[in-house]
Amino acid sequence: MNPVRSAVSVVLFLVIACTAVPASAQVDFSGEWAPRFWEDQPERVPGPELGDYLGIPISEAARQRADTWDASIQTLPEWQCRPHSADYIWRGPSNLRISKEVDPVSREITAFHAEWLRSVDRAIYLDGRPHPPADALHTWAGFSTAKWDGDMLTVTVTHLKEGYLRRNGLPRSDKATLTEHWIRNGDILTVMTIVTDPVYLTEPFVRTTDYELDLRQNVPPYPCGVVQEVDRKKGDVPSWLPGTNPYTTEFATRHKIAADATRGGADTMYPDFVAKGRTSPIVPPSAPVTATSPPGIQILPVRGNVYMLLGAGGNITASIGRDGVLMVDAGRAQMTDQVLAAIRQLQNDLDLRDRPLGSGAETRSSVASRNTEPPAKPIRYIVDTSADPDHAGGNEKIRAAGRTFTGGNVAGNIADAGEGAAILAHENVLQRLLEPEAGEQKAPSDAQPTDTYYTDSMKLSHFFNGEGIQVIHQPSAHTEGDSLVWFRGSDIIAAGDIYSTVSYPVIDVKHGGTINGVIDGLNRILDLSVAEFRTEGGTLVIPGHGRLSDSADVAYYRDMVTIIRDRVQAMVEKSMTLEQVKAAHPTSDYEPRYGASSGAWTTDMFVEAVYTTLGGGKKPAPAPAPARGRK
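Cut-off values and rules
Residues numbered from 1 in each chain as written. Predicted model: local features only at pLDDT ≥ 70, side-chain atom pairs only at ≥ 80, totals over all residues. Heavy atoms only, no water. Pairing = 2+ DSSP bridges. Helix = DSSP H or I, 4+ residues; strand = E, 2+ residues; numbered from the N terminus. Axes fitted to C-alpha atoms, helices over the stretch in contact; angles between N-to-C directions. Core = buried A, V, L, I, M, F, W, Y, C linked by side-chain atoms within 4.5 Å. Buried < 20%, exposed > 50% of the residue type's maximum accessible area, 1.4 Å probe, protein only. Contact = heavy atoms within 4.5 Å. Phe/Tyr/Trp six-rings, centres within 6.5 Å; stacked < 30°, edge-to-face > 60°. Lys NZ or Arg CZ within 6 Å of the ring centre and 35° of its normal. 1 Å grid on protein atoms, 1.4 Å probe; cavity = no way out; pocket = protein on both sides within 12 Å on 5 of 7 lines; lining within 4 Å. Points joined across faces, edges and corners; volume = space filled by probe spheres on them. Nonpolar A, V, L, I, M, F, W, Y, C, P; charged D, E, K, R; others polar.

**Considering the sheet that holds strand E10 (residues 188–196)**
Sheet strands pair by backbone hydrogen bonding; their relative direction is either parallel or antiparallel. On the basis of which strands lie adjacent, the closed barrel formed by nine strands has the order E1-E2-E3-E4-E5-E6-E9-E10-E11 and mixed pairing. In this sheet, neighbouring strand axes are inclined to one another by 30° on average, regardless of whether the strands run parallel or antiparallel.

Here you go:
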């Protein structure tokens, strides 16, 4: 070989090797990482003390929730296997394993996977994929995407379930977002987390955590089983009534710290804070940021043939398949054209699903009919979870667009008689539509249920789109006619207005609603639900309003409603008036998340409904007259 050419080749190779820079930095974070307990030791093993809110910019609502928190709530079945969420798991006493996915063509890292001892797999995507819609399911790990900032990986996390800022009751809401910065220096991994929560924080909350590479480490399995730890009445949710928790000052007393400083808040974090009195008042919590819904109907796939339609008033659950369409609720009357367009879109999508090649023979071709399907059957059933206009208002027009099949003594199909789709509901829904209250309009005959039930539940007499469907009556909840709809194969529950993620439960006292009925309904949903793992996934719940949920979300909501019920019940037992109860603000710690001062359902209306249905304001029955003895 020509020695000159060889030398030139070597030089050229070295130049290319030295000057070649990837389009983006690709630091390898994969490996086994052991936490280093150099800071915040209480967070790692024993858990922080009650009343220790030092250094956290909490709102007044967060402070009250923590003051009324009872550690015994962790013994509830719904919480026994709950993992730390993405923002807190970095502080837990757990080893960390990070693995990576590499694109086979570009050889770039397209995702990291982080797994702790007490967690589920968390994927961090670097491939540019978008975040899911705001109303998609939230998880403990959230949904993470990342980008490179030089050698630092910046991670954005959304769709987090409600969690905690500290394990002493300080809450973090499901409206929070998380930003992480991953930095590797040799065998040391430093992660900075920044939590932004419009509900329970007045400023971003920043923490850093260190790990060290450990080549001999192993992350063992960590199974978890649910047991009955405490013998308590079904439905009880442990909590302290406001102002009664005797343990919130123990931390300050034990460590000889000014109690004012231990109460947390942004102003306690700065040098000009004076322990004997705050230099400025705590900033009140800002109202949660409400994302504006896109115009029209948003379609969210849930599982299998079941979809969630948002934007029609109340949420609509739709089973779309070759057997036709079954809808849970019909939305508002003025939205029916858009609802029907969304249903047609989903039906058309069935025809676009490619079927695998079948067998061919001399007498037939598997190619000729490969991409054709018989047309899907139309809308056949509408199930009303209540008679409210935002759930049943679209009955008439959607029913007319559907069709009921029959046989036996009746020839043809009922569509010939103009009957359209069947409408199923509890008999109290029909009664309300037939005999409306003053100020309400009687529903047209074509908007009224065609089939009703009066027992605890009813089942569709046959599988529909491959699964059994059960309609369950929940008495005296949102109204007297509420139904849950359970898709037993897909394991999805359409909850109607018994459950919401956007407001306190609406209790329609005039139509038989009660706070205890709502709580019973929430507990019934939990009884029917089975989590997939770590109190996440498994049974999915579609609320009357708000985002897709699972049993953990319902449990948080059940806890909140039960705690508020217990507070108001204690006031009722003291014979307090409605005005006194409202002045006591029994909902203040949940107000930034669920409260409203205007609109169709305000906090005052909720408190009044709770008070009324617990017997508040009723005069005690007169004592019976003493019996007269015989003369």
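Past the structure itself, the notes keep going.
**With respect to the nonpolar core**
In this structure, Phe29, Leu96, Phe112, Leu153 and Trp182 are the most contacted members of the largest nonpolar core, which totals 85 residues. For Leu96, the residues in contact, after removing those within four places along its chain, are Gly31, Glu32, Trp33, Trp90, Ala114, Glu115, Trp116, Leu189, Tyr211, Gln217 and Val219. Of all hydrophobic cores here, the second largest spans 24 residues; its members include Leu326, Ile469, Phe487 and Leu540.

**Topic: the packing of aromatic side chains**
Summed over all chains, the structure comprises 16 aromatic pairs. Ring plane angle 5° and centroid distance 4.6 Å describe the contact between Tyr504 and Phe606, whose orientation is recorded as stacked. One end of the pair, Tyr504, is in the loop between strand E22 (492–500) and helix H10 (515–528); the other, Phe606, is in helix H14 (residues 603–613), with 102 residues separating them in the sequence. Exposure remark for Tyr504: the relative accessible area of 1% places this residue in the buried category. Its relative accessible area of 0% is what places Phe606 among the buried residues. One residue, Lys161, lies across the ring of Trp140, its end atom 5.7 Å from the ring centre. The ring of Tyr594 is capped by Arg593, whose NZ or CZ atom sits 4.7 Å from the centre of that ring.

**Re the layout of surface pockets**
The volume enclosed by the second largest pocket comes to roughly 620 Å³. Taken together, 30 residues make up the lining of the second largest pocket; nearest its centre are Leu76, Pro77, Glu78, Val226 and Leu526. For the lining of the second largest pocket, the secondary-structure elements that each account for two or more residues are H10 and helix H11 (551–573). Classifying every residue of the lining of the second largest pocket gives 12 nonpolar, eight polar and 10 charged.

Shape is all these values report; function is a separate question.
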